[in-house]
Amino acid sequence: MNQDVMERANQACELCASQSAVSTYVVPPRSDDNPTHALAMCKTCMDQLKGEAEIDPNHWRSLNDSMWSEVDAVKVIAWRMLDRMRDLGWPQDLLDMIYLEESAMEWATSASDLPGPKHLDSNGSEICQGDNLVLIKTLDVKGSNVAVKKGDVVKNIRLVLDNTEQVIGRIDGQEIVLLTQYLRKSK
Ligand SMILES: [Zn+2]
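Residues numbered from 1 in each chain as written. Predicted model: local features only at pLDDT ≥ 70, side-chain atom pairs only at ≥ 80, totals over all residues. Heavy atoms only, no water.

Q: I'd like to hear about the packing of aromatic side chains, residue by residue, with values.
A: One pass over the structure, following the stated rule, counts zero aromatic pairs. We note Arg 30 situated over the ring of Trp 107; from NZ or CZ to the ring centre the distance is 4.3 Å. Cation over ring: Lys 137 sits above Tyr 182, and NZ or CZ is 4.9 Å from the ring centre. (Phe/Tyr/Trp six-rings, centres within 6.5 Å; stacked < 30°, edge-to-face > 60°. Lys NZ or Arg CZ within 6 Å of the ring centre and 35° of its normal.)

As structure tokens, this is what we get:
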């Protein structure tokens, strides 16, 4: 996987084109070993992205070019960094121009690259975007006639980004917010 990504990137950072200390980064909440879910990044970009170094806005001027990448993983990180710096003005201008397909935009907004609390199921296992989860309790969904029973599998859930106790699942065609404490990962 790493080799595929590095080849695609010509061994250079796909955000700023630097060729020093380049490694691969899987863009959360994607977790599997698929080259389309990762990008090549230099240490300067990586440290600032992950909050391990202070953001140097000038370093990110290169997003002006890299945001036009055809690789979704690159566009997703470009969007997230621009979003974090949007108060500076020029990043907002770029955000107005960047184009992400609906699925890429959902990816961009569904997780953070900064360390922080994670979504955990009732067993304490980390829940990732797109997981299939089993209900461990029959739920009474207020204001709806949706039946949600213990043992039901909710497929392809989405994480609620600002609340690690909630995920969104689709049941009988309706999107419902579910509490992670009543879910466990399906095998
Ligand atoms: Zn870089």
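Q: So what's going on with the pattern of salt bridges? Which residues, and what values?
A: A full pass over the atoms with the stated rule returns eight salt bridges. One salt bridge in this structure joins Glu 14 and Arg 8, with 2.9 Å as the shortest N-O distance. On the basis of relative accessible area, Glu 14 is assigned to the buried category, the value being 14%. One salt bridge connects Asp 47 with Lys 43, and the closest N-O pair in it is separated by 2.7 Å. Separated by four residues within a single helix, Asp 47 and Lys 43 lie in helix 2 (residues 43–49), roughly one turn from each other. Given the relative accessible area of 17%, Asp 47 is considered buried. Counted as one network, the salt bridges with shared partners bring together Arg 158, Arg 170 and Glu 175. (Salt bridge = Lys/Arg side-chain N within 4 Å of Asp/Glu carboxyl O. Buried < 20%, exposed > 50% of the residue type's maximum accessible area, 1.4 Å probe, protein only. Helix = DSSP H or I, 4+ residues; strand = E, 2+ residues; numbered from the N terminus.)

Q: Could you give an account of unusual backbone geometry, naming the residues involved and the relevant values?
A: The omega torsion across Pro 28 and Pro 29 is 5°, close enough to zero to call that bond cis. Topologically, Pro 29 is positioned in the loop between strand 1 (22–26) and strand 2 (38–42). Positive phi is not limited to glycine here, since Ala 17 has a value of about 70°. What makes Ala 17 exposed here is its relative accessible area of 54%. Phi is positive for Asp 172, which is not a glycine, with a value near 50°. Take Asp 172: it is sitting in the loop between strand 6 (166–171) and strand 7 (174–179). The exposed category is assigned to Asp 172, whose relative accessible area is 61%.

Q: So what's going on with the coordination of the zinc ion? Which residues, and what values?
A: Taken together, Cys 13 (SG), Cys 16 (SG), Cys 42 (SG) and Cys 45 (SG) make up the full set of protein donors to the zinc ion, lying 2.3 Å away. Geometry at the zinc ion is tetrahedral, judged from its four donor atoms and the angles of 103 to 118° they form at the metal. For the zinc ion, the donor residues sit on a single chain with the sequence spacing C-x2-C-x25-C-x2-C. With a gap of 29 residues between them, Cys 16 in the loop between helix 1 (2–8) and strand 1 and Cys 45 in helix 2 connect regions that are remote in the sequence. (Donors = N, O, S within 2.8 Å, 3.2 Å for Na, K, Ca; no water. Tetrahedral: all angles 85-135°; square planar, octahedral: opposite > 155°, others 65-115°.)

Q: I'd love a proper account of the side chain of His 119, names of residues and values included.
A: Following the sequence through the fold, His 119 ends up in the loop between helix 6 (102–109) and strand 3 (133–135). Judged by relative accessible area, His 119 falls into the buried class, the value being 7%. Of the polar contacts made by the side chain of His 119, one reaches the backbone oxygen of Gln 166; its length is 3.1 Å. Beyond its immediate sequence surroundings of up to four residues, His 119 is in contact with Ser 125, Glu 126, Ile 127, Leu 159, Val 160, Asn 163, Thr 164, Gln 166, Val 167 and Thr 180. (Polar contact = N/O pair within 3.5 Å; in protein donor to acceptor, adjacent residues only side chain to side chain. Contact = heavy atoms within 4.5 Å.)

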